[in-house]
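Structural overview for review
Each chain, letter by letter, is given below.
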Amino acid sequence: MRSPGEVLGLSTYYGEAYYKAQEATQTRLPLKGSVLISVNRRDKAEVVEIGRLFAEDGFKIYATEHTCELLRENGVDAIYVKKLHEGRPNILDMVSNGQIDLMVNSPAGKDSAFDDSYLRKAAIKAKIPYITTIAGARAAARGINYVNQHGSSEVKSLQEIHALIRNKA
């Protein structure tokens, strides 16, 4: 499996470049559907922007408890979904039932009382794109938005893209 850092997506707009890089990894980002968002405490300040970006493109947003509360408090419609250890129905049930098209999960690391590695494993098994950073989620959301608004652009060589650079001095 390749990561977006091992491939090249070219565009004059970084969101589209990220979208193309994801395609090159054979992980096509969905242009519609549902997204699960569950982020750690450090990323809470930026998650509202991510939720808004996905909502603008009509995504149904599922979120874990604290993320869901934060999104709702800031006017982003979100549906609460339980983590595995919180009972059923939960995220794993939703993945198994094909209800999730994209996952945004920034791991809590050693601070977490519960291991969320089951999310990553479930996403891989179900072939669901899985994003683990806020920067990646922002780029994905903007890339999806760009492609929804403008369509996928034509393929250009590195030389053609370079020729578009103008000296601003």
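The coordinates are above.
Residues numbered from 1 in each chain as written. Predicted model: local features only at pLDDT ≥ 70, side-chain atom pairs only at ≥ 80, totals over all residues. Heavy atoms only, no water.

Examining the sheet that holds strand β1 (residues 34–38)
Applied cut-off: Strand pairing is assigned whenever DSSP identifies at least 2 bridges connecting the two strands. Helix and strand assignments come from DSSP, with helices taken as H or I runs of at least 4 residues and strands as E runs of at least 2, each series counted from the N terminus. Residues are treated as being in contact if the distance between any of their heavy atoms lies within 4.5 Å. Lines fitted to the C-alpha atoms define the axes, with helices restricted to the stretch that makes contact. Angles between their N-to-C directions range from 0 to 180 degrees.
With parallel pairing, five strands are arranged side by side in an open sheet as β3-β2-β1-β4-β5. Bordering the open sheet on either side are β3 (79–80) and β5 (130–131), each of which pairs with just one other strand. Packed on one face of the sheet, helix α2 (residues 44–56) meets β1, β2 (60–63) and β4 (102–105) and runs near 175° to β1.

Section: the nonpolar core
Where we set the bar: Nonpolar core, defined: a set of buried Ala, Val, Leu, Ile, Met, Phe, Trp, Tyr and Cys residues in which side-chain atoms within 4.5 Å join the residues together. In this scheme, a residue with accessible area under 20% of its type's maximum is buried, one over 50% is exposed, and one in between is partly exposed, where area comes from a 1.4 Å probe on protein chains only.
V35, I37, F54 and I61 are the most contacted members of the largest nonpolar core, which has 28 residues in total. Every element with two or more residues in this core is listed here: α1 (14–24), β1, α2, β2, α3 (65–73), β4 and α6 (134–150). Considering every element that reaches this core, the biggest residue donor is α6, with seven residues. What I61 contacts, discounting residues up to four positions off in sequence, is V35, I37, G51, F54, A55, L71, V76, D77, A78 and I79. Counting 14 residues, the second-largest nonpolar core is a separate cluster that includes V81, I91, V95 and M103.

Remarks on the pairing of β1
Where we set the bar: Every crossover in which the path from the first strand over the helix to the second runs clockwise, viewed with the strands pointing away from the viewer, is termed right-handed.
For β1, the buried fraction is high: five of the five residues fall into the buried class. Both faces of β1 are covered, namely the face carrying S34, L36 and S38 and the face carrying V35 and I37. Across four bridges, the pairing between β1 and β2 is parallel. The partner of S34 across the bridge, within β2, is K60. This β-α-β element, β1 to α2 to β2, shows right-handed connectivity. Of the pairings in the sheet, the one linking β1 to β4 comprises four bridges and is parallel in character. In the strand pairing of β4, L36 is matched with M103.

Describing the pattern of salt bridges
Under the convention used in this document: Salt bridge, as applied in this entry: a Lys or Arg side-chain nitrogen positioned within 4 Å of an Asp or Glu carboxyl oxygen.
By the definition in use, this model includes four salt bridges. The salt bridge involving R138 is made with E46; its shortest N-O contact spans 2.6 Å. With R138 in helix α6 and E46 in helix α2, the pair connects residues that are 92 residues apart, well separated along the chain. Given a relative accessible area of 15%, R138 falls into the buried group. For E46, a relative accessible area of 34% gives the class partly exposed. Of the charged contacts, one joins R142 and E49 as a salt bridge, the two residues approaching to 2.8 Å between their closest N and O atoms. Here the residue R142 occupies a position in helix α6, and E49 occupies one in helix α2, the gap between them amounting to 93 residues.

A look at the packing of α2 against α3
Cut-off, in case you're wondering: Left-handed describes a crossing in which the near helix is turned anticlockwise from the far one by less than a right angle; the clockwise case is right-handed. In this classification, Asp, Glu, Lys and Arg are treated as charged, Ala, Val, Leu, Ile, Met, Phe, Trp, Tyr, Cys and Pro as nonpolar, and every other residue, Gly included, as polar.
It is the contact of α2 with α3, at a shortest axis distance of 9 Å, that shows an interaxial angle of 65°. In the packing of α2 onto α3, the handedness of the crossing is right-handed. Contacts between α2 and α3 involve K44, V47, V48 and G51 on the former and, on the latter, H66, T67, L70 and L71. Taken together, the residues of the contact of α2 with α3 break down into four nonpolar, three polar and one charged.

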